[in-house]
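Residues per chain are reported as follows:
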Amino acid sequence: MRNRVILGSAEFLSVNDIFLSYESSDRPVAHVFADTLEARGWSVWWDREIPLGKNFDEVIEHELTSARCVIVLWSKQSVRSRWVRTEASAAAERECLVPVAIDDTPIPLEFRQIQAAMLPGWNGDTSDPEFLRLTDAIEGLLKAAPVKPVTSPPPSLPALTRMRTKSGETR
């Protein structure tokens, strides 16, 4: 069971093993990843878990900065998302980013120096050799010393709230 954390006037559940970043149009794929990783015993946070009545930017920032591993699902849609890029930047700064390519779109230049799992078209097969490499990388991060603390706030997370609608789509 996760602990409750009070941040400002908001209460959050924390700390998760994995924060899952993705673009809203990739939600079905993100769901498969979240379910599969949770079945392995890891706690996974993704934006389907924002408590009703809470400011999603505050919740996301808290979960992003407290997760021990951040998986970013890179796709044709997510490479164009400022929100996903911001989350990836924050994770890279903390050295807890694990990029995953879910289609053949090139990963943004800023993140190409970090080895990515190549899982285009992955359907949840837990015996896939590349998925096993991904789980090994996650395990390595989770067993390592605690991730670096945030030294500066993620770039403009509150400013990006104007870009996301109530349904979670970006504008």
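Shown above is the structure to which this text applies.
Structure report, in brief. The numbers attached to residues start from 1 for each chain and follow its sequence in the written order. Thresholds applied to this predicted model are a pLDDT of at least 70 for local features of residues and 80 or more for the giving and counting of side-chain atom pairs; totals over whole chains, interfaces and linings are not thresholded and use all residues. Side-chain descriptors were evaluated using all non-hydrogen atoms of the structure, hydrogens and water having been removed beforehand.

To continue, consider the overall build of the protein. Within the protein, the regular secondary structure consists of 5 helices and 7 strands. Labels follow the DSSP assignment, with helices taken as runs of H or I lasting at least four residues and strands as runs of E lasting at least two, numbered in each case from the N terminus. Helices and strands in the protein line up, N terminus first, as β-β-β-α-β-α-β-α-β-β-α-α. The buried label applies to any residue whose accessible area, calculated with a 1.4 Å probe on protein chains only, is under 20% of its type's maximum; exposed applies above 50%, and partly exposed to all values in between. By the burial criterion, 46% of the 171 residues in the protein qualify as buried. Across the protein, the fraction of contacts at a sequence separation of at least 24, relative to all contacts at a separation of at least 6, is 68%. Any two residues whose heavy atoms approach within 4.5 Å are treated as being in contact.

A word on the nonpolar core. Core analysis: the largest hydrophobic core is formed by 24 residues, its most contacted members being Leu20, Phe33, Ile71, Leu73, Val100, Leu134 and Ile138. Secondary structure elements with two or more residues in this core: strand 3 (18–21), helix 1 (27–39), strand 5 (69–74), strand 6 (97–101) and helix 4 (129–143). Sorting elements by how many residues they give to this core places helix 4 first, with 5 residues. The residues touching Val100, leaving out its near neighbours within four places in the chain, are Phe33, Ile71, Val72, Leu73, Trp74, Ala117, Leu119 and Leu134. For this analysis, a nonpolar core means a set of buried residues of the types Ala, Val, Leu, Ile, Met, Phe, Trp, Tyr and Cys, connected via side-chain atoms within 4.5 Å.

Turning next to the packing of helix 1 against helix 4. At a minimum axis distance of 12 Å, the contact between helix 1 and helix 4 shows a crossing angle of 60 degrees. As judged from the angle between their axes, helix 1 and helix 4 are oblique. Handedness of the crossing formed by helix 1 with helix 4: right-handed. Residues Phe33, Thr36 and Leu37 of helix 1 lie in contact with helix 4, whose contacting residues are Phe131, Leu134, Thr135 and Ile138. Across the contact of helix 1 with helix 4, the residue classes tally to 5 nonpolar, 2 polar and no charged. Every angle, taken between N-to-C directions, lies between 0 and 180 degrees, and every axis is a line fitted to C-alpha atoms, over only the stretch in contact when it is a helix. Oblique is the label for any angle not under 35 degrees, not over 145, and not in the 65 to 115 range, which are roughly parallel, roughly antiparallel and roughly perpendicular in turn. Each crossing gets its hand from how the near helix is turned against the far one by less than a right angle, where anticlockwise is left-handed and clockwise is right-handed. When residues are grouped by polarity, Ala, Val, Leu, Ile, Met, Phe, Trp, Tyr, Cys and Pro land in nonpolar, Asp, Glu, Lys and Arg in charged, and all others, Gly among them, in polar.

What follows concerns the pairing of strand 5. Burial analysis of strand 5 places 6 of its 6 residues in the buried class, which makes it a mostly covered element. Neither face of strand 5 is exposed, since Cys69, Ile71 and Leu73 on one face and Val70, Val72 and Trp74 on the opposite face are all buried. Of the strand pairs in this sheet, strand 3 and strand 5 are connected by 4 bridges, and their pairing is parallel. Across the sheet, the residue bridging to Leu20 is Ile71, located in strand 5. Here the term right-handed applies to a crossover when the path leading from its first strand over the helix to its second strand runs clockwise, the strands being oriented away from the viewer. Following the chain from strand 5 across helix 3 (residues 82–93) to the adjacent parallel strand 6, one finds a crossover that is right-handed. Should DSSP find at least two bridges between two strands, the strands are taken to pair.

Attention now moves to the packing of helix 2 (residues 56–66) against helix 3. Their axes nearest at 10 Å, the elements helix 2 and helix 3 cross at an angle of 30 degrees. Relative to helix 3, the element helix 2 lies roughly parallel. Seen along the crossing, helix 2 lies across helix 3 with a hand that is right-handed. Counting all contacts with helix 2, which are made through Phe56, Asp57, Ile60 and Leu64, the residues of helix 3 involved are Trp83, Glu87 and Ala90.

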